[in-house]
Amino acid sequence: MLDNKEITMTAKTYNITVKCKTEEDRDIVLATLDEGVANAQVETLLEQGIIFYGQNKNRVHCSNVYFSENDESHWADQKRMVI
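We now turn to the structure provided with this report. Treat the numbers as computed from the prediction; the structure is a model and nothing was measured.

Reading guide: rules and limits
Residues numbered from 1 in each chain as written. Predicted model: local features only at pLDDT ≥ 70, side-chain atom pairs only at ≥ 80, totals over all residues. Heavy atoms only, no water. Helix = DSSP H or I, 4+ residues; strand = E, 2+ residues; numbered from the N terminus. Buried < 20%, exposed > 50% of the residue type's maximum accessible area, 1.4 Å probe, protein only. Lys, Arg positive; Asp, Glu negative; His and termini not counted. Salt bridge = Lys/Arg side-chain N within 4 Å of Asp/Glu carboxyl O. Contact = heavy atoms within 4.5 Å. Polar contact = N/O pair within 3.5 Å; in protein donor to acceptor, adjacent residues only side chain to side chain.

The next thing to look at is the overall build of the chain. If you tally the helices and strands in the chain, you get three helices and three strands. Helices (α) and strands (β) of the chain occur, in sequence order from the N terminus, as α-β-α-α-β-β. The buried share among the 83 residues of the chain stands at 16%.

Following the sequence through the fold, D25 ends up in helix α2 (residues 23-35). Buried and unpaired, D25 has no salt bridge, with K21 as the nearest side chain of opposite charge at 6.2 Å. Setting aside its immediate chain neighbours within four residues, D25 contacts C20 and I50.

Glancing now at the environment of N64. Tracing the backbone through its elements, the reader meets N64 in the loop between α3 (45-48) and β2 (65-69). Classification of N64 by relative accessible area gives buried; the value is 4%. Among residues more than four places away in sequence, those in contact with N64 are T17, V18, K19, I50, I51 and F52. One polar contact links the side chain of N64 to the main-chain carbonyl oxygen of I50, over a distance of 2.8 Å. A polar contact is formed between the side chain of N64 and the backbone nitrogen of F52, at a distance of 2.8 Å.

Turning our eyes to something else, we now look at the environment of I28. As for its position among the elements, I28 is in helix α2. When its relative accessible area of 27% is taken as the criterion, I28 is described as partly exposed. Separated by 20 residues in sequence, I28 and Q48 have C-alpha atoms that sit 9.9 Å apart. With residues up to four places along the chain from it excluded, the contact list for I28 reads L45, Q48 and I50.

If you want it as structure tokens, here you go:
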């Protein structure tokens, strides 16, 4: 039986958001999450150009991958760009 302390505690969540350019890219991301990378013969999402992060050629931080915690319920948990 759970006590009140266990009931009122909420589990932390760690969220990743990938903003895809096309429906096809989205399907590839979902398939990768479902199946994982099978072997070294398969290109990663980064190698395929579906996800990107870091600096572009103008040294500007750019990304289509974001992370957040706890369903962004607190200002410090807001979505942040992966750099």
